[in-house]
Amino acid sequence: KQEVTQIPAALSVPEGENLVLNCSFTDSAIYNLQWFRQDPGKGLTSLLLIQSSQREQTSGRLNASLDKSSGRSTLYIAASQPGDSATYLCAVRSNDYKLSFGAGTTVTVRA
Amino acid sequence: ETGVTQSPTHLIKTRGQQVTLRCSSQSGHNTVSWYQQALGQGPQFIFQYYREEENGRGNFPPRFSGLQFPNYSSELNVNALELDDSALYLCASSIDGNYEQYFGPGTRLTVT
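Residues numbered from 1 in each chain as written. Chains lettered and ligands numbered in written order. Predicted model: local features only at pLDDT ≥ 70, side-chain atom pairs only at ≥ 80, totals over all residues. Heavy atoms only, no water.

J.: Account for the overall build of chain B, with residues named and values stated.
T.: Within chain B one finds 0 helices and 11 strands. Mapped from its N terminus to its C terminus, chain B presents α and β elements in the order β-β-β-β-β-β-β-β-β-β-β. At 13 Å, chain B has a C-alpha radius of gyration in line with the 13 Å of a compact globule built from 112 residues. For chain B, the spread of C-alpha atoms along the three principal axes comes to 40 × 25 × 25 Å. Counting over 112 residues, chain B shows a buried share of 51%. (Helix = DSSP H or I, 4+ residues; strand = E, 2+ residues; numbered from the N terminus. Rg over C-alpha atoms; globule rule 2.2 N^0.38 Å. Buried < 20%, exposed > 50% of the residue type's maximum accessible area, 1.4 Å probe, protein only.)

J.: Quick one: what's the story with unusual backbone geometry, residue by residue and with numbers?
T.: The omega torsion of the bond from Ile 7 of chain A to Pro 8 of chain A falls at 0°, within 30 degrees of zero and hence cis. As for its position among the elements, Pro 8 of chain A is in the loop between β1 (4-7) and β2 (10-14). In this structure, the amide linkage connecting Ser 7 of chain B to the following residue, Pro 8 of chain B, adopts the cis form with an omega of -5°. In this model, Tyr 72 of chain B sits at a positive phi of 75°, which is unusual for a non-glycine residue. Mapping Tyr 72 of chain B onto the fold places it in the loop between β7 (64-68) and β8 (74-78).

J.: Break down the pairing of strand β4 (residues 31-37) of chain B for me, citing the residues and quoting the values.
T.: Residue and element names in this part refer to chain B. Counting buried residues in β4 gives 7 out of 7 residues, a clear majority hidden from the surface. Of the two faces of β4, both are covered, the one formed by Thr 31, Ser 33, Tyr 35 and Gln 37 as well as the one formed by Val 32, Trp 34 and Gln 36. In this structure, β4 lies alongside strand β5 (residues 44-50), joined through 6 bridges in antiparallel fashion. Residue pairing in the sheet places Ser 33 in a bridge with Gln 48 of β5. (Pairing = 2+ DSSP bridges.)

J.: Hey, could you go over the sheet that holds strand β6 (residues 56-59) of chain A for me, with residue numbers and the actual values?
T.: Residue and element names in this part refer to chain A. Within the open sheet, the 5 strands sit side by side as β1-β3-β8-β7-β6. Their pairing is antiparallel. Each edge of the open sheet carries a strand with a single partner, namely β1 and β6. Put simply, the sheet's adjacent strands are angled 15° from each other on average, direction ignored. One ladder, built from 4 bridges, connects β1 with strand β3 (residues 19-25); its direction is antiparallel. The residue of β3 that forms the bridge with Val 4 is Phe 25. (Axes fitted to C-alpha atoms, helices over the stretch in contact; angles between N-to-C directions.)

J.: Quick one: what's the story with the pattern of salt bridges, residue by residue and with numbers?
T.: Per the counting criterion, the structure on display carries 7 salt bridges over all chains. Salt-bridge contacts for Glu 3 of chain A lead to Lys 1 of chain A; the nearest nitrogen and oxygen are separated by 3.7 Å. Classification of Lys 1 of chain A as exposed rests on a relative accessible area of 77%. Between Asp 85 of chain B and Arg 63 of chain B there is a salt bridge, and its shortest N-O distance comes to 2.8 Å. In this pair, Asp 85 of chain B is assigned in the loop between β8 and β9 (87-94) and Arg 63 of chain B in the loop between β6 (53-57) and β7, connecting sequence segments 22 residues apart. A relative accessible area of 17% means that Arg 63 of chain B is categorised as buried. (Salt bridge = Lys/Arg side-chain N within 4 Å of Asp/Glu carboxyl O.)

J.: Tell me about the nonpolar core, and name the residues and values.
T.: Among the nonpolar cores identified, the biggest contains 22 residues, and Phe 25, Leu 33, Trp 35, Leu 75 and Tyr 88 of chain A are the most heavily contacted of them. Not counting chain neighbours up to four residues away, the residues in contact with Leu 33 of chain A comprise Cys 23, Phe 25, Leu 48, Leu 49, Ile 50, Leu 66, Ser 73, Cys 90, Ala 91 and Val 92 of chain A. (Core = buried A, V, L, I, M, F, W, Y, C linked by side-chain atoms within 4.5 Å. Contact = heavy atoms within 4.5 Å.)

J.: I'd like a rundown of the interface of chain B and chain A, residues and numbers included.
T.: Residue-level contacts link 18 residues of chain B with 19 residues of chain A. Across the chain B to chain A interface the summed buried area is about 1,600 Å²; carbon plus sulfur atoms make up 51%. Counting the contacts that link chain B with chain A gives 0 salt bridges. Where chain B touches chain A, the interface holds 5 residue pairs in polar contact (both at pLDDT 80 or more). For the side of chain B that touches chain A, the secondary structure elements donating two or more residues are β4, β5 and β9 of chain B. Here the side of chain B that touches chain A is composed, by residue class, of 7 nonpolar, 9 polar and 2 charged. (Buried area = accessible area lost by both parts, 1.4 Å probe. Polar contact = N/O pair within 3.5 Å; in protein donor to acceptor, adjacent residues only side chain to side chain. Nonpolar A, V, L, I, M, F, W, Y, C, P; charged D, E, K, R; others polar.)

Rendered as structure tokens:
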């Protein structure tokens with residue numbers, strides 16, 4: 001059974017600081033890993049998708065890395081802004097087609 | 001291009017009742033997955049439909065059932081509602097099961 005863990009559970013930083021969000025998973029047999037953003041009470045917005053054969057993906061200020069052998073992914077957000085305040089979820093697509101989520105990291109960026 | 005839509009946005013039901021939630025997938029997507037997200041937790045996989053057939057299921061009892069229609073829209077039905085069924089129900093669509101998932105805004109279900 002795939003277990004996904006996100007540390008820390010919550011993070012508060014001043015505006016302009018870089019954010020580092022961690023995700024670990026127990027079974028390295030994955031198809032892909034996806035990072036999402038969720039605003040309170042809302043649905044999920046896809047940020048980045050990394051295929052199992054890739055090491056990283058970049059989109060604007062966001063960069064996500066994947067180390068499948070060690071079961072880790074890291075999401076970097078450069079030069080954080082108050083609008084980046086949200087919960088960030090990591091999800092792993094395993095060989096049984098199921099998407100397994102972590103509990104998320106809640107980020108607060110202070111102006 | 002229309003994104004994933006869900007209806008209703010909110011609803012309140014009484015324990016023991018039945019509920020149907022609806023999802024319209026993004027144009028061109030043939031796979032729909034349903035998730036349950038309790039407060040403060042990550043979404044939990046309920047099941048997935050691919051071309052009108054269920055092809056994956058999480059650890060949810062049979063009173064959670066679904067359908068996918070020829071236009072790839074989908075329904076989630078929950079019978080004999082329990083208080084613990086109170087959650088945000090999310091629908092996601094994709095082009096085949098292993099591609100990028102696109103989520104709808106969710107339906108907030110409250111069971112009293």
